[in-house]
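Working through the structure, step by step
This is what each chain is made of:
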Amino acid sequence: MSEKNYTLLCDFYEITMANGFFELGKKDEIVYFDAFFRKVPDGAGFAIFAGLEEIIEYIKNLKFTSDDIEFLRNKNRFSQDFLQYLETFKFTGDIFSIPEGTPIFPNEPVITVRAPAIEAQFIETFLLLNFNHQSLIATKANRIVRSAEGRPVFEFGSRRAHGRDAAVLGARAAYIGGCSGTACTMADKDFSVTATGTMAHSFIQMFDSEYEAFLAYCKVYRDNVTLLVDTFNVLSSGVPNAIKAFKECGVKNCSIRIDSGDIKYLSIKAREMLDEAGLQHCKIVASNALDEMVIRDLISKGAKVDSFGVGERLITAKSDSVFGGVYKLVAKEENGEIVPKIKVSENSGKSTTPHYKKLYRLYSKKSGIALCDAVCLFYETISDTKPITLIDPVTSEKRVFKDFFVKELQVPVFKGGKEVYSKPSIEEIKKRCEGEIKLLEKGITDLDTPDRYGVCLSESLYDIKEKLLQKVKREKGGNLIE
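Fair warning: this is a prediction, and the values are worked out from it, not measured in the lab. (Residues numbered from 1 in each chain as written. Predicted model: local features only at pLDDT ≥ 70, side-chain atom pairs only at ≥ 80, totals over all residues. Heavy atoms only, no water.)

**Quick word on empty space enclosed by the protein**
Summed over the entire model, instances satisfying the criterion amount to two cavities of 30 Å³ or more. In terms of lining, the largest cavity is formed by Leu52, Glu53, Glu100, Tyr421, Lys423 and Pro424. Looking at the lining of the largest cavity residue by residue, the classes come out as three nonpolar, no polar and three charged. In this model, the second largest cavity occupies a volume close to 30 Å³. Together, Pro41, Asp42, Leu136, Thr139, Lys140, Arg143, Ala317 and Asp320 line the second largest cavity. (1 Å grid on protein atoms, 1.4 Å probe; cavity = no way out; pocket = protein on both sides within 12 Å on 5 of 7 lines; lining within 4 Å. Points joined across faces, edges and corners; volume = space filled by probe spheres on them. Nonpolar A, V, L, I, M, F, W, Y, C, P; charged D, E, K, R; others polar.)

Right, here's the structure in full:
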């Protein structure tokens, strides 16, 4: 990140609006934006937040170079005073965020930005780019990992990713989501995501025979060998030759990989052959067009697979490839007061929750299981010393919670433009993800028809939202605007 200037990786309207704010005297007005999402991909019960580390690095390095300013000058759209202002532009606001690796739910503030209008608006594209992409891949990876029922899953998708950054950052996100490693070497170098790999069919084709290729590979990597056994025929050629090579070299830590064909049938037969040869310790790896549904089906039908390599359907989140995170203005400061703002729609699901807010997660004192997420006004505090009444905005139902303990989810990341967040290691992020998922009700983690987790509003926040909706409705003659 520090080696490349990503400042102009923004939608052009962020610059035209910035120029407009500058010319109209609004550049220093303090505003509040929420980044959130509306729907979990694949109809799942929860998503996994990822991408914060790249957002932090972007904010820290945000600046317009002389080349950037000259490029904008040549567009003949911006005032000279505005271009001069950009010469010393930097982020000076506050950012609060849920930590990476945390399960997140629709319509709750994941990242909150408080900053002068130009600064808050300008970071929209890059913030959403990373929030959407990495959360999408982490969420998909976690579904796949859960479908494997404890068997390791490796991310194998670099060559099918949508560009170089998608390959590297996708591997990072997949690791956060629970994958055991990646095929992407750069992800290991940049983010300490363990890289792993075996061989391609071309290695075998370089030799006069499959057995000769296997033997040569075993001699080079005798401490840890995985042989690809489907270049010619898995059962009549690949597995027998692998067994012979393993035994001749005395390999103890060994695996075979099946990358084509009927994986269930081939894995069962290969397991029988390995066991008969006394290689009960030899593992079987499966790859080739896998996802959570294919893996679950293989396991349920008795496939003898010990780990999985998942490529294109993970790195592109093929079954539902849009996360849908948005960035909306929710408040602004006027005469020292925070004034709530709302975006409304005839589709009630697209109306935003206004105001500067806090986000809490309530857990059962008895079981430790997460009960609900509570979105409150910034000055409200939830205490576990007394029951609390919250309102489900989907059903308008009042829900009373008692015998709970509570955790505030968002933490400070930037204060006055200075980073105040101690970035965790990727191992710590991954462990947070694993631990927090264990605190969700089993029904919420169901792959097919998950239960809906409650994201409720405080009574005060619910009332403010309803009053603003009714105000807009009256002003528009009884109709909400799209």
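There is more to say after this.
**What to know about the sheet that holds strand E13 (residues 337–340)**
Overall, antiparallel pairing links the seven strands, which are arranged E13-E12-E1-E5-E3-E19-E20 in an open sheet. Two strands close off the open sheet at either side, each with one partner strand: E13 and strand E20 (418–419). Where helix H2 (residues 52–60) meets the sheet, its contacts fall on strand E3 (94–97), strand E5 (111–116), strand E19 (411–415) and E20, and the angle it forms with E19 comes to roughly 20°. (Pairing = 2+ DSSP bridges. Helix = DSSP H or I, 4+ residues; strand = E, 2+ residues; numbered from the N terminus. Contact = heavy atoms within 4.5 Å. Axes fitted to C-alpha atoms, helices over the stretch in contact; angles between N-to-C directions.)

**Focus: the side chain of Ser458**
In this structure, Ser458 sits in strand E21 (residues 455–458). Polar side-chain contacts of Ser458 include one of 2.7 Å to the side chain of Glu380. Those residues within four positions of Ser458 in sequence are excluded, and the remaining contacts are Val375, Cys376, Leu377, Glu380 and Leu390. (Polar contact = N/O pair within 3.5 Å; in protein donor to acceptor, adjacent residues only side chain to side chain.)

**Focus on the sheet that holds strand E7 (residues 181–182)**
If you walk across this open sheet you meet the six strands as E7-E6-E11-E10-E9-E8, and the pairing is parallel. The two strands at the open ends of the sheet, each matched to only one other strand, are E7 and strand E8 (225–228). Where strand E10 (residues 283–286) meets strand E11 (residues 307–310), two bridges bridge the pair, whose relative direction is parallel. Residue pairing in the sheet places Ala286 in a bridge with Phe308 of E11.

**Focus: the state of the cysteines**
What the rule picks out here adds up to zero disulfides. Considering cysteine sulfurs only, Cys372 is the nearest to Cys376, which forms no disulfide, with 9.3 Å between them. (Disulfide = S-S within 2.5 Å.)

**Overview of the environment of Thr395**
Tracing the chain through its elements places Thr395 in the loop between strand E16 (388–391) and strand E17 (398–401). For Thr395, a relative accessible area of 45% puts it in the partly exposed group. In sequence terms Thr395 and Phe191 are 204 residues apart; their C-alpha atoms lie 42 Å from each other. (Buried < 20%, exposed > 50% of the residue type's maximum accessible area, 1.4 Å probe, protein only.)

**Remarks on the pattern of salt bridges**
Here the structure, examined in full by the defined rule, presents 36 salt bridges. One salt bridge in this structure joins Glu419 and Lys60, with 3.2 Å as the shortest N-O distance. Taken as a pair, Glu419 in strand E20 and Lys60 in helix H2 lie far apart in primary sequence, 359 residues in all. Residue classification places Glu419 among the partly exposed residues on the basis of a relative accessible area of 27%. Ionic pairing is found between Arg114 and Asp94, a salt bridge with its closest N-O pair at 3.5 Å. Here the residue Arg114 occupies a position in strand E5, and Asp94 occupies one in strand E3, the gap between them amounting to 20 residues. When its relative accessible area of 10% is taken as the criterion, Asp94 is described as buried. The network of salt bridges with common partners includes Lys26, Glu29, Lys332 and Glu334. (Salt bridge = Lys/Arg side-chain N within 4 Å of Asp/Glu carboxyl O.)

**Brief notes about the pairing of strand E14 (residues 357–364)**
Counting buried positions along E14 yields eight of eight residues, so the element is predominantly enclosed. Judged by which residues are buried, E14 turns out to be covered on both faces: Lys357, Leu359, Arg361 and Tyr363 on one side and Lys358, Tyr360, Leu362 and Ser364 on the other are all buried. Direction of pairing for E14 relative to strand E15 (residues 370–377): antiparallel, over a ladder of seven bridges. Counterpart to Lys358 in the pairing with E15 is Cys376. Connecting the antiparallel pair E14 and E15 is a turn made up of five residues, with Gly368 showing a positive phi of about 80°. Taken together, the five bridges between E14 and strand E18 (residues 404–408) define a ladder with antiparallel strand orientation. Its bridge partner lying in E18, Tyr363 is registered against Phe405.

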